Amino acid sequence: MKLSNFNRLSVLLIAVALISFGCSKDNNLEIEFVTQWGGTGSEPGKFSEPIGVALDTEGNIYVSDAGNNRIQKFTPDGKFVAQWGRAGSAEGEFDRPMHLAVGADGFIYVPEYGNDRVQVFNAEGEFQSQWGKTGKGPGELDAPAGVNFDSKGNILLADFYNHRIQILNPKGKFQHEFASEGHEFGQLYYPTDIVVDQQGDILVADAYNHRIQKFSPIGEPLNSFGQKGKEPGQFDVANAIATDHKNRIFVVDFYNNRIQIFDDSGEFLYQFGSAGKADGQFEHPTDIAISEEGKIYVADFGNNRIQKFRILEK
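Values in this document were obtained by computation on a predicted structure and should not be read as measured data. (Residues numbered from 1 in each chain as written. Predicted model: local features only at pLDDT ≥ 70, side-chain atom pairs only at ≥ 80, totals over all residues. Heavy atoms only, no water.)

> Looking at this model, I keep getting lost on the overall build of the protein. Mind explaining?
A count of helical and extended segments in the protein gives one helix and 25 strands. What you see for the protein is a C-alpha radius of gyration of 18 Å, in line with the 20 Å of a compact globule of 314 residues. Sorting the 314 residues of the protein into buried and exposed places 60% on the buried side. Accessible surface, the protein as shown: approximately 12,200 Å² in total, 47% of it carbon and sulfur. Between the mean site of the 29 positive side-chain charges and the mean site of the 43 negative ones, the protein shows a separation of 3 Å. (Helix = DSSP H or I, 4+ residues; strand = E, 2+ residues; numbered from the N terminus. Rg over C-alpha atoms; globule rule 2.2 N^0.38 Å. Buried < 20%, exposed > 50% of the residue type's maximum accessible area, 1.4 Å probe, protein only. Areas by Shrake-Rupley, 256 points an atom, 1.4 Å probe, with all protein chains shown as cover. Lys, Arg positive; Asp, Glu negative; His and termini not counted. Charge placed at Lys NZ, Arg CZ, Asp CG, Glu CD.)

As structure tokens, this is what we get:
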């Protein structure tokens, strides 16, 4: 049985200008707070449990506003543009939209925790297609949590309760799957997010194994880093992941209320964030998106807001 609201995810910097409190092994890297927006509510621009955040090529921001069962669109500076969706299971309706992504086609791909499917929309929020149904078979889903793409446009899905990754062609047809439930190298325990790095390898947020795993394009396990804890390089539910233009790996560390940054081999570089409500602090962050220009957007789930940062290179 699926859990509800906040408990679903549970099985699932204070600085005005420069945030530099976290420990760092890279003296050339710092993160600066820029702005934040949102607040609790159902009006346009407000949120109820924002879970996912994604960017298009123009810098527009799309947010999975899970508690309100809608997608909201903002400018790069956080100005509200549009919204679509409501609670339900029909086309264009949602049951807790999760870690969404924007494809090379400019469409927005939205996995749904409750409806066990992925819906596709254009940038104006017009429904395009959908696929998936409840189950454990090829192409079937049990609470899809994250979606992303490889260089060929294939669709990669983190299939949460099935403890696996599924690869679909650009039309949503099943191609391949890998991993199984467990704690050994190459196994997964509630994967929540996925990204493809510059080499084409697949990085998975293996959330409740408290680690990141790297796989080859066909699903062969290559590397793993992290364990449960509070020290640098450790996680307490590693539930979202992104890479930047230097192939650095950014990991959302849910219960530790921070973002950790690693090089492409998994070596710790930097962290920022702490528990709280001030600028740069988090209350259970759930997703991250990074622009080509080094702007960072974090879904601050418990504070019902999006926070924007920028990368500073000395």
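> I tried to follow the packing of aromatic side chains on my own but got confused; where do I start?
In this description, a pair of aromatic rings is defined by centroid distance and the angle of the planes. The final tally for this structure, using the stated rule, is 26 aromatic pairs. Summarising the aromatic geometry, the rings of Tyr190 and Tyr208 are spaced 5.8 Å apart at their centres and angled 85° between planes, so their arrangement reads as edge-to-face. Of this pair, Tyr190 sits in the loop between strand S14 (174–178) and strand S15 (191–196) while Tyr208 sits in the loop between strand S16 (202–206) and strand S17 (211–215), and the two are 18 residues apart along the sequence. Considered together, Tyr190 and Tyr208 belong to a single accessibility category, that of buried residues. (Phe/Tyr/Trp six-rings, centres within 6.5 Å; stacked < 30°, edge-to-face > 60°.)

> Help me understand the sheet that holds strand S11 (residues 144–149) in this model?
Through backbone hydrogen bonds, the strands of a sheet pair up, either in parallel or in antiparallel fashion. Taken in spatial order, the four strands line up as S11-S12-S13-S14 in an open sheet, and their pairing is antiparallel. In this open sheet, the two strands that pair with only one neighbour each are S11 and S14. Each adjacent strand pair in this sheet contributes to an overall mean axis angle of 20°, direction not counted. (Pairing = 2+ DSSP bridges. Axes fitted to C-alpha atoms, helices over the stretch in contact; angles between N-to-C directions.)

> Where do I start with the layout of surface pockets in this structure?
One water molecule sets the probe size; rolling that probe over the atoms shows where empty space is left. Space inside the largest pocket adds up to approximately 1,200 Å³. Lining the largest pocket are 44 residues, and of these Leu55, Val102, Asn148, Ile290 and Glu292 lie nearest its centre. Going through the elements one at a time, strand S3 (50–55), strand S7 (101–102), S11, S15, strand S19 (238–243), strand S23 (285–290) and strand S24 (295–300) are the ones with two or more residues in the lining of the largest pocket. Residue composition of the lining of the largest pocket, by class: 21 nonpolar, twelve polar and eleven charged. Of the volumes computed, that of the second largest pocket is approximately 210 Å³. Together, 13 residues line the second largest pocket, and Asp150, Lys152, Asn154, Pro217 and Ile218 are the ones closest to its centre. Looking at side-chain class alone, the lining of the second largest pocket contains six nonpolar, five polar and two charged residues. (1 Å grid on protein atoms, 1.4 Å probe; cavity = no way out; pocket = protein on both sides within 12 Å on 5 of 7 lines; lining within 4 Å. Points joined across faces, edges and corners; volume = space filled by probe spheres on them. Nonpolar A, V, L, I, M, F, W, Y, C, P; charged D, E, K, R; others polar.)

> Got a minute to help me understand the side chain of Asn69 in this structure?
By the element assignment, Asn69 lies in the loop between strand S4 (61–65) and strand S5 (70–74). At 2.8 Å, the side chain of Asn69 and the backbone nitrogen of Arg96 are in polar contact. Asn69 has contacts with Gly85, Arg86, Ala87, Phe94, Asp95, Arg96 and Pro97, leaving out every residue within four places of it along the chain. (Polar contact = N/O pair within 3.5 Å; in protein donor to acceptor, adjacent residues only side chain to side chain. Contact = heavy atoms within 4.5 Å.)

> Quick question: what am I supposed to make of the side chain of His210 here?
The topology assignment puts His210 in the loop between S16 and S17. Assessed through its relative accessible area of 11%, His210 is described here as buried. The contact partners of His210, leaving out residues within four places of it in the chain, are Gly226, Gln227, Lys228, Phe235, Asp236 and Val237.

> Looking at this structure, I do not really get the sheet that holds S5. What am I missing?
The antiparallel open sheet is built from four strands, whose spatial order is S3-S4-S5-S6. Edge positions in the sheet fall to S3 and strand S6 (80–84), since each has one partner strand and no second. Recorded for the sheet is a direction-independent mean angle of 20° between the axes of neighbouring strands. With five bridges joining them, S3 and S4 adopt antiparallel strand pairing. Bridging across to S4, Pro50 finds its partner in Asp65.

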